[in-house]
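Below are the chains, spelled out letter by letter.
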Amino acid sequence: MDKLIAVVTGGTRGIGLAIAEALVKRDASVAITFNSNQKAAQKARQKLESFSKDEQTILILKGDTGDSDVAAEHYDKIRKELGLVNVLVNNAGIMPQISFDEITVEDWNETIRVNLNGAFYWCRQVVPDMKKEKFGRIVNISSIAARGGGVVGPHYAASKAGLVGLTRYAAKELGPFGITVNAIAPAFIEDAGIFTQWSEENKATLKEKVHVPQLGNTNDVVRAFEYLLDSPFVTGVTLDVNGGAFMI
Ligand SMILES: NC(=O)c1ccc[n+]([C@@H]2O[C@H](COP(=O)([O-])OP(=O)(O)OC[C@H]3O[C@@H](n4cnc5c(N)ncnc54)[C@H](OP(=O)(O)O)[C@@H]3O)[C@@H](O)[C@H]2O)c1
């Protein structure tokens, strides 16, 4: 593939921003989306533009990943300004911690809508172009919660396990077109999401769950992403990036 043209949903912070940065460093044109945090979006723009060359375009789009019309509008803009997308990273996600005792139908629907439906909406947008081009890389950011249930709640675990099913089905149907579809299941990434707010004392409790001396960081997820990006013979897999935390 001559030039990478990528979309990273939820690319303004944490794991998504680290993946977007890696793509920019590989001379890709990159569109990132976000939901509401304008300040983070502005900082992300500065960061990504500081690495990009004249021939690269960085596009930052505000809108809800869990809305199929928004995905369609965003893709229309991306096609016009960047060209046909050949890399999709379904990363945007929410993780409100709610137990079975407290969860409402609305809570359940909201997390499934953003985390799972959003990935499906974006796949629908990019797949026809990837099929035409006979090349594509789709990477869905799942979670250790898909494997062991996790601690966020039933809504989150189900949304992330749903991504694994979507990954496997899509990998089978799209493989013959040169499109690989894989997932990454991270855990305890200390420079992303909720863990950035945790004290060292609280993080010590997480360290007890992993089997290596340190917690993960966004570079660990980026390495997994780049492996999948560069691997035409790897499809339908879920890479665990969790310090072995899935083992008892
Ligand atoms: N951090 C971890 O240890 C960990 C572990 C396992 C899995 N994950 C998964 O990895 C992914 C990234 O997590 P993170 O920790 O990097 O998260 P983060 O730092 O909270 O960043 C989340 C990103 O997603 C965007 N986003 C949230 N809801 C959205 C929506 N409805 N529409 C569009 N964008 C939306 C956010 O935009 P705004 O800033 O505008 O809200 C932000 O750019 C998530 O899917 C998460 O479940 C993370």
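Keep in mind it's a predicted model, so treat the numbers as computed, not measured.

Undergrad: Describe helix α8 (residues 218-229), listing the residues and the values that go with them.
TA: The periodicity of an α-helix, 3.6 residues per turn, causes residues three or four places apart in sequence to face the same way. For α8, built from 12 residues, the straight-helix expectation of 16 Å at 1.5 Å per residue is met to within 8% by its first-to-last C-alpha distance of 16 Å. Along α8, the positions that sit buried rather than exposed are T218, V221, V222, A224, F225, L228 and L229. Each buried residue of α8 lies within a common arc of 160 degrees when the element is viewed along its axis, so the set occupies one face. Next to the buried residues of α8 lie α1 (14-25), β4 (87-90), β5 (136-141), β6 (179-186) and β7 (238-241). In this structure N217 caps α8, since a side-chain oxygen of it lies 2.9 Å from the backbone nitrogen of N219.

Undergrad: How would you summarise the environment of C123 if you had to cite specific residues and measurements?
TA: By the secondary structure assignment, C123 is in helix α4 (residues 105-133). Judged by its relative accessible area of 9%, C123 is buried. It is 12 Å that separates the C-alpha atoms of C123 and N91, two residues lying 32 residues apart in sequence. Residues contacting C123, with those up to four places away along its chain left out, are L88, N90 and I138.

Undergrad: How would you explain the nonpolar core if you had to name every residue and give the values?
TA: I19, L23, V30, I184 and F225 are the most contacted members of the largest nonpolar core, which has 35 residues in total. At the level of secondary structure, the elements contributing two or more residues to this core comprise β1 (5-8), α1, β2 (29-34), α2 (38-51), β3 (58-62), β4, β5 and α8. The greatest single-element share of this core, amounting to 8 residues, is contributed by α1. Setting aside chain neighbours within four positions, we find I184 in contact with V139, N140, I141, S142, S143, V221, A224, F225, L228, L239 and V241. Of all hydrophobic cores here, the second largest spans 23 residues; its members include I5, A31, L88 and I138.

Undergrad: Describe the pairing of β2, with residues and values.
TA: Of all 6 residues in β2, 6 are buried; the element is thus mostly enclosed. Of the two faces of β2, the one holding S29, A31 and T33 and the one holding V30, I32 and F34 are both buried throughout. Where β1 meets β2, 4 bridges bridge the pair, whose relative direction is parallel. Within β2, the position partnered with I5 by the bridge is S29. Read as a crossover between parallel neighbours, the route from β1 over α1 to β2 is right-handed. The handedness of the β2 to β3 crossover, carried by α2, is right-handed.

Conventions used here
Residues numbered from 1 in each chain as written. Predicted model: local features only at pLDDT ≥ 70, side-chain atom pairs only at ≥ 80, totals over all residues. Heavy atoms only, no water. Helix = DSSP H or I, 4+ residues; strand = E, 2+ residues; numbered from the N terminus. Expected span 1.5 Å × (residues − 1). Buried < 20%, exposed > 50% of the residue type's maximum accessible area, 1.4 Å probe, protein only. Arc of directions from axis to C-beta. Contact = heavy atoms within 4.5 Å. Polar contact = N/O pair within 3.5 Å; in protein donor to acceptor, adjacent residues only side chain to side chain. Core = buried A, V, L, I, M, F, W, Y, C linked by side-chain atoms within 4.5 Å. Pairing = 2+ DSSP bridges. Right-handed = clockwise from strand over helix to strand, strands pointing away.

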